[in-house]
Structure formats: structure tokens, C-alpha cells
Amino acid sequence: MSSSTANPHVHPHRHDHDHAHEHGHAHDHHHAHADPDCGGAACEVAAQPIDFSALAAGGALLLRIPDMDCASEEAQIRRALEGQAAVRGLRFDLGARTLAVDAPDSAWPAVEQAIAAAGLKTERLSQPTSAADTRRRQRREATQLAAALLLALGAEAIHFAAPDTRPWQIASMAVAALAIGLSGFGVYRKGLAALARGQLGISALMTVAVTGAFLIGQWAEAAMVMALYSIAELIEARAVDRARHAIGGLLALTPPMAEARQPDGSWREQRADAIARGAVVRVRPGERLALDGRVTAGHSAIDQAPITGESVPVEKAPGDEVFAGTINQQGALEYEVTAPASDTVLARIIHAVEQAQGTRAPTQRFVDRFAAIYTPTVFAIALAVALLGPWLAGWPWLAALYKALVLLVIACPCALVIATPVTVVSGLASAARRGILIKGGAYLEEARRLRHIALDKTGTITEGRPRLVARELVDGRQEGARVWQLAASLAARSDHPVSRAIAQGLQDAGTLAVDDFGAAAGRGTNGRIHDQALVLGNHRWIEERQQCSPALEARMQAHETLGRSVSLLADDHGVLALFAVADAIKPGTPAAVAQLRALGVQPIMLTGDNPATAQAIAAQAGIGDVRAGLLPQHKLEAITALNAQAPGTVGMVGDGINDAPALAAAALGFAMGQAGTHVATEAADVVIMNDDLRRVPETVRLSRRTHAILWQNIALALGIKAVFLLLAVLGSATMWMAVFADMGASLLVVFNGLRMLRWKG
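Definitions and cut-offs
- Residues numbered from 1 in each chain as written.
- Predicted model: local features only at pLDDT ≥ 70, side-chain atom pairs only at ≥ 80, totals over all residues.
- Heavy atoms only, no water.
- Helix = DSSP H or I, 4+ residues; strand = E, 2+ residues; numbered from the N terminus.
- Buried < 20%, exposed > 50% of the residue type's maximum accessible area, 1.4 Å probe, protein only.
- Contact = heavy atoms within 4.5 Å.
- Areas by Shrake-Rupley, 256 points an atom, 1.4 Å probe, with all protein chains shown as cover.
- Pairing = 2+ DSSP bridges.
- Core = buried A, V, L, I, M, F, W, Y, C linked by side-chain atoms within 4.5 Å.
- Polar contact = N/O pair within 3.5 Å; in protein donor to acceptor, adjacent residues only side chain to side chain.
- 1 Å grid on protein atoms, 1.4 Å probe; cavity = no way out; pocket = protein on both sides within 12 Å on 5 of 7 lines; lining within 4 Å.
- Points joined across faces, edges and corners; volume = space filled by probe spheres on them.
- Nonpolar A, V, L, I, M, F, W, Y, C, P; charged D, E, K, R; others polar.
- Axes fitted to C-alpha atoms, helices over the stretch in contact; angles between N-to-C directions.
- Parallel < 35°, antiparallel > 145°, perpendicular 65-115°, else oblique.
- Left-handed = near helix turned anticlockwise from the far one by under 90°.
- Salt bridge = Lys/Arg side-chain N within 4 Å of Asp/Glu carboxyl O.
- Phe/Tyr/Trp six-rings, centres within 6.5 Å; stacked < 30°, edge-to-face > 60°.
- Lys NZ or Arg CZ within 6 Å of the ring centre and 35° of its normal.

### Focus: the overall build of the chain
Here is step 1: Within the chain, the regular secondary structure consists of 26 helices and 26 strands.
Here is step 2: Out of the 761 residues belonging to the chain, those deemed buried represent 57%.
Here is step 3: Long-range contacts, defined here as pairs at least 24 residues apart, represent 72% of the contacts in the chain between residues at least 6 apart.
Here is step 4: Within the structure as shown, the chain displays about 29500 Å² of accessible surface, and the carbon and sulfur contribution to it stands at 58%.

### A word on the environment of A157
Here is step 1: Here A157 lies in helix α4 (residues 131–161).
Here is step 2: Looking at A157, the relative accessible area reads 43%, which means it is partly exposed.
Here is step 3: The spacing of A157 and S172 is 15 residues in sequence and 8.6 Å in space, taken between C-alpha atoms.

### Focus: the sheet that holds strand β10 (residues 314–316)
Here is step 1: Pairing in this open sheet of three strands is antiparallel, and the strands run β10-β9-β12 from one edge to the other. Pairing within the sheet leaves two strands with one partner each, and these edge strands are β10 and β12 (327–328).
Here is step 2: Sheet topology places strand β9 (residues 300–303) next to β12; two bridges connect them, and they run antiparallel. By the bridge assignment, I302 is partnered in β12 with N328.

### Side note on the nonpolar core
Here is step 1: Formed by 43 residues in total, the largest nonpolar core has its most connected members in M206, V210, Y229, V406, V409, M735 and V739.
Here is step 2: For this core, the secondary-structure elements that each account for two or more residues are α4, α5 (166–196), α6 (202–215), α7 (219–244), α10 (362–392), α11 (397–411), α25 (695–729) and α26 (735–754).
Here is step 3: Broken down by element, the residue count for this core peaks at eleven residues, all from α7.
Here is step 4: With near-sequence residues (within four places) excluded, V406 lies in contact with A728, A733, T734, M735 and A738.
Here is step 5: Judged by nonpolar contacts, the second largest core, of 39 residues, contains L444, A447, A592 and A618.

### Observations concerning the side chain of H559
Here is step 1: Relative to the assigned elements, H559 resides in helix α19 (residues 550–560).
Here is step 2: Only 3.1 Å separates the side chain of H559 from the side chain of R564, close enough to count as a polar contact.
Here is step 3: The residues contacting H559, other than those within four sequence positions of it, are A470, E472, R564, V566, L578 and A580.

### Describing the side chain of S703
Here is step 1: Mapping S703 onto the fold places it in helix α25.
Here is step 2: Not counting residues within four places of it along the chain, the set of residues in contact with S703 comprises L444, E445, E446, A447 and R448.

### Re empty space enclosed by the protein
Here is step 1: Under the counting rule described, the total for this entry stands at one cavity of 30 Å³ or more.
Here is step 2: What the largest cavity holds in volume is close to 70 Å³.
Here is step 3: Lining of the largest cavity is provided by 14 residues; of these, K457, T458, S565, D583 and D609 occupy positions nearest its centre.
Here is step 4: Taken together, the residues of the lining of the largest cavity sort by class into six nonpolar, five polar and three charged.

### Here we look at the packing of helix α13 (residues 421–433) against α26
Here is step 1: Axis separation between α13 and α26 bottoms out at 8 Å; the angle between their running directions is 15°. Taken together, the axes of α13 and α26 are roughly parallel relative to one another. Note on packing geometry: the crossing formed by α13 with α26 is right-handed. Along the contact surface, α13 presents V422, T423 and S426, while α26 presents V749, V750, G753 and L754.

### Details of the pattern of salt bridges
Here is step 1: Here the structure, examined in full by the defined rule, presents 17 salt bridges.
Here is step 2: For the salt bridge of D625 with R627, the shortest nitrogen-to-oxygen distance reads 3.2 Å.
Here is step 3: R627 sits in the partly exposed class, given a relative accessible area of 29%.
Here is step 4: Among the salt bridges present, the one from R695 reaches E698, with a minimum N-O distance of 3.4 Å. With a gap of three residues between them, R695 and E698 both fall in helix α25, about one helical turn apart.
Here is step 5: Here the salt bridges share partners, and the residues they tie into one network are E259, R282 and R284.

### Considering the sheet that holds strand β17 (residues 515–520)
Two pairing modes exist for strands in a sheet, parallel and antiparallel, and in both the strands are linked by backbone hydrogen bonds.
Here is step 1: With respect to topology, six strands assemble into an open sheet ordered β16-β21-β20-β19-β18-β17, the strand pairing being antiparallel. Edge positions in the sheet fall to β16 (467–473) and β17, since each has one partner strand and no second. Sheet twist, expressed as the mean angle between neighbouring strand axes with direction ignored, is 15°.
Here is step 2: Pairing of strand β18 (residues 524–529) with strand β19 (residues 532–537) involves six bridges; the strand directions are antiparallel. The residue of β19 that forms the bridge with G524 is G537.

### Some remarks on the pairing of strand β20 (residues 565–571)
Here is step 1: Within β20, seven of the seven residues are buried, which leaves the element mostly enclosed by the surrounding structure.
Here is step 2: The two faces of β20 match: S565, S567, L569 and D571 on one face and V566, L568 and A570 on the other face are all buried.
Here is step 3: Here β19 pairs with β20 via four bridges, running antiparallel. Of the residues in β20, the one forming a bridge with L536 is L569.
Here is step 4: Between the end of β20 and the start of strand β21 (residues 574–582), which pair antiparallel, lie two residues.

### Side note on the environment of R467
Here is step 1: With respect to the helices, strands and loops of the structure, R467 is situated in strand β16.
Here is step 2: Owing to a relative accessible area of 55%, R467 belongs among the exposed residues under this scheme.
Here is step 3: When sequence neighbours within four positions are dropped, the list of residues in contact with R467 reads A501, A580, V581 and A582.

### Structural notes on unusual backbone geometry
Here is step 1: Located in the positive-phi region is D531, a residue other than glycine, with phi close to 65°.
Here is step 2: Looking at the element boundaries, D531 is found in the loop between β18 and β19.
Here is step 3: Judged by relative accessible area, D531 falls into the exposed class, the value being 66%.
Here is step 4: Despite not being glycine, Q546 shows a phi value in the positive range, around 60°.

### Quick notes on the packing of aromatic side chains
For any pair of aromatic rings, the description consists of the separation of the ring centres together with the inter-plane angle of the planes.
Here is step 1: Following the criterion strictly, the structure yields two aromatic pairs and no others.
Here is step 2: Measuring from ring centre to ring centre gives 6.4 Å for W391 and W397, while their planes differ by 85°; the resulting arrangement is edge-to-face.
Here is step 3: With a centroid separation of 5.7 Å and an interplanar angle of 70°, the aromatic rings of W484 and F579 are classed as edge-to-face. Of this pair, W484 sits in helix α16 (residues 480–491) while F579 is found in strand β21, placing the two residues 95 residues apart along the sequence. With respect to class, W484 is no different from F579; both count as buried.
Here is step 4: Across from the ring centre of W395, 4.7 Å away, lies the NZ or CZ of K403, which sits over that ring.
Here is step 5: Above the face of the W484 ring, R471 is positioned so that its terminal group lies 4.9 Å from the ring centre.

Okay, structure coming up:
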């Protein structure tokens, strides 16, 4: 049985396992790229919208870094500041090219010098870059690149149409140089800094290629290559921004104002971020909720799709939870605020997905390692072509050098490097929109490998809201009213679902003070009432106390065959009463189990409940493998045993504290976010926000689709490059063809990856 609360806690992982860990986790919170200079915003997606105003008010250094448009620059800055003991933290906004450094004022000059030494120019800001400033900068960049393209075309026109005389050659060279300056200044700055550090990245390759082409007299071609490269890079950046901000756009769902009750009982609109926990807020029909809360007055239906992915509005009444960003459909509601605007479930979802975007999936780590070898290898091949071609093949020196420069342009690993992150981030965003919070790209990929899914019963397969359906006196030593009162007193002190059901069912009996109250995991509760030692526990505990009898066993068996959980109230002299609690199966459970089987995933029930109850519920759900009567450590042992038989293929779905060890041990842990406890959602790798078990097979399907697109992208990137590398060696490829091959492949894999945003399951 699972202990649960009604509060969905959504947080990123706290623990950090290597992919080779025995449990199969693949956490990697480092943003650093294996390619130290990937040359554009399309390299890796790790943007995190930041409250820079709050950071500035707290004394942080705000910097704008014009060339910081990619996670590779973020990695450079992190490495540059590693030795700065005064730096307490770094917050990056790659979209706005802004960095907040948490450090004392005295350390600011050293921070700026260290970043400058890494080849990145900094501008100190007095306030954060606004969205309008970002849009103006983007328009300025687009205009500048358009001018560079026109100048490059002009240089080409002069080269082909003008007389081959020195004045016209000088004019062509000058126009080409101006085009390169307009489009490639940032590329040159990053490329030269990378070369100075002995690092071969995309900017370094383009710097060498364009400079070489210019020096051998291919001025117009060098200008056109740089202009096309920069324009394609800008297109990539905009496309990747679409994936990067797919979840951040959910923030727009939360209205900035809310109508709050004042101390005098009147209502007044206030900024949502100024409303404290405990305040009462009113929302009218058709309005979005600005804050999380618990309904205190009114009845309505609420569209919770942004949070849980549910397509059908959910009925709400006093006592029910409501979430920021959801839409009130019918009647007016009043609710007590349970979290500030910065800590709503929606805000935590967005933050968790942003954290997940920074983690590295297994395929991505493979690509990074491959790119780290691939780029220097092709650079060495190009160098060999330039130096050995004239000797071995009899090529003219300028022809050999031109072939080598074409190779360098084709060799840029941009398409290969961006093949994975844009796809993974699109998959994460698509899942979050459907109420599936996946805490990292590693887990998105791992889900496709699942072959066994262990399912907790209470709160996972069943509703998790059991009701007291029967109560029986076992002996006549005490009156019924007194026995019900004793049971209600113990049950009222526990948060366990079964105890809550008993307390709810006996609420008219009243309660008494309980001394020395305690809870035994997987067994029940105990305490003293008026010096009478009592336990309210399950079948196992009563057997351990040697208080079972054949007659009592028969009475319990009658309830357990009906799928009911039996609790027993006993004192030192024997059992006083029997309580039967029933928990209905969730409507979507049979369909979820059938879908898992269709995907080749075997469902297994792990429960602390008795075998008869477990078998009854399993039969309704369609589960054949049932393991009942398990304590938390037994669930952990079951997962460990399955892991040993089939490493990396075992998932676990649960919602309670006693599921946390098994969730952490599984290759992939799924927590029920709506009914799940804080501990369970922390231990899990995936949080199902609406507690619908059908989201589990949906995650497996999403994972398999994402994996297929990842390898499509890798095959496209490598295939296109292989063809053009061969053409270059044979002398049939020009620098124009090279840049189209490189950037065309990059755009192809970006747009192919973005298809995951439209995935429908």
C-alpha cells in the first residue's frame, strides 16, 4: 500500500548517477560540449529564462556577451571561471545572450577579465535585456547579414562581369572583404580565440577556410561562403529557439493579475507575484487561474490541459486543488493560495524541463565523442591534401589548397552536433504538453528499452482513495461504539490512504487522545488510549503478534476475495474489530496494461496488500504477474532482481514513500504527480501529472519515435557529408557546394527534429 498526499511536487533530480551505474540512470548535468566551439545557437539547447531583475537586486553581476549564442560558449565561460573562488553561481540566458554572475563586487573585474581571456567580449548591464531589446538586436543582425549577402553577390558580379584588370580586382577584393566583415566578424573572433587555445571547432574551421580562400584569390567565393554560413546559422538559431521556448511559452498562460480578498472583505486586483500564500483569490468563469490553491467556495469545471494534458475539464469543489495556468470553465471559484507565483506547479514544470534540456542523452554523448574525433581527423586529412596532393597526385599547389579548404567547410560538424539536442528538446516539450514530465534526455531515450514495468497498486493501478465498505466486531469484550471510537482515534493520526478511509468512515464516532503514537511501514499504526495498548494493522502484523485464529482468517478471506484490504484493531488480549476498505481501479488502467503488452512490455504488480486483494485487482487490470505482501525493501529487492536478469529494461511506477527506493533503483522510475508524495516524485525520472497510467505506454512510444528521428538525423548528417567529401577529393565540389552541403544538412536535421513538437502519440 502506498502512502500519499494530494499535492503534486515537481522538482528536478537531486541525485546524479553515471550512465554506467548499476541502476541504469544516466544523469549528466554538465552543459559542456565535447566540441568546444560549435559556432551557433543550434549546437545545444540549454536556455533557462531567468528572473534577472531579482538577481540584480541581490547584487549579481549582469553581463551581455554578444557572441554567447550556444552552449559551447556557456561551457567556455564555466571553464574560464572555474578558478574564481569568489564566484558562487552562474545563470545563463542564451536567447538574450545574457549572464548573471553571483559574486561580490570586488570580484567583478576578475570575472570580466577571465571571460575576455576566453575570447568572449562582455558588456556590463545595469538592467536585464528586455524582449524588445532582443528583438531589435535580432532585426539588426538580419539586416546586417542581408547587406553582407548583397555585397557578396556584388563581389561575384564584379569577378564574372568586370575586366580582369588590377582596379577591378581590387574592387572585387574590397567588396568581398566588407561582406566578410559584416557577416563573419563574430565567427572570426570566436574562431581565432579557439585556434589560440588549440581547439578545432566550427568557427575555427570556417575561419581557416574563408581566410585561405581569400589568400589564394578566391575573394568572392570566400565572401559568399561566409555570408551563406552566417545566414544559415541564423535560420538554425531561430528554428532551435522554437524548440527551446516551447515550454517557456507556457508561462504566458499565467495571467499577471489576480483578484484577491482584502482584510476588510472587499476584492481588489493585484499583481499575482505580490500575493502571498494563504491569501484568498477569486476567479470568474472563462478566466485563467494566476496561482495554485485549494478551493474554499464554489463549484466549477476546470480545463487542466496545460498541467496534466487532460482533454476533459475536471470538476472542482471545496477542498480540491487548482493550478495556475488552467482555465475556469463554468462557475466562479474562491480558493486559498497554496504557493507563490514563483513556485506554482506550472513554474516548477517549466523549470524541471529546462533543467532536463541541459542533461545529455546517451546518443548525444556518443555524437559528442564522435565529433571530438571527427573534426581533428578531417582537419588532418585536409592538411594532407594541401601538402601531399601536389607531390602524390601532381595537382597544382593552389588547386590542392582549394580542395583542402573545401574539405574544411564540408567537415564542419554542425549538422552532426545539433542532430540530437533539438530532437531531444522537442520530445521533452511534446511530453510536457501532454502532462508527462521527463527529467532529462537520458530518460526520454531509456524508455524505449523497457521490457518490464513494475506497478504499485494503491494510487497507481487504483484510484488511491479507498473507502470503508465494511466493519465487524470480532469479540464482545467492548461495546461497538467504544471500539469504533478507538479505531477512529488511531486512524485519524495517520496519513496512509487506508487509515484515512477508516477515519473518514468512522468520523461520526469521535476521537480520543492517543499517547505514544507510532507507525510501522508496511504494517499499520499503534498507540495507547487510556493506558490501553492498541494496534490498527494489516493481516501480516496480526499474524506476527500471533493473534490470528481460523475463524478470523475465514472472515478476512471473505473480504479479501472481493479485492478489499482488511485492517484489524487489536489490543494485548486479541483482535477487537475488522475493517474492510475497497479501492476502485482507475478507468484507464486496463487500457494502459493492454497498450504496454502491445509494445512488448510485461506489467508486474508489486504491492504490500494481501495476495487475495492483489489478485482481485490484477484480474480487473489484466495483469498476470502479481507479487503481494511486499514491504518497501521487498519491492526494492524485486526491482534489483529484475535488473540483474535484464539490465536497463525495468521500469517502476509508484506514488508513495514506500515506492521511492524501488523508483530510484529502476532503470526508469515513473511517479504519479497528482497523488504522489514529494519523496516519490523526487526519486522518479518521469512524473505523470494527471495520474493516468496510459501516459506510461505513451512515454515508451514517444521514446521510440524520438530514437528513430535521432538516428535519421545522424544518418542524414553523415551521409550528406560523405557524398560531398568524396566529391571534394575527386575535384567535383566547390566551396559553394561545400557550404550548401554543410548548412543544408544542418537545417535538414533541425527541421526533422522539430517534427517531435507535433507528435500526437
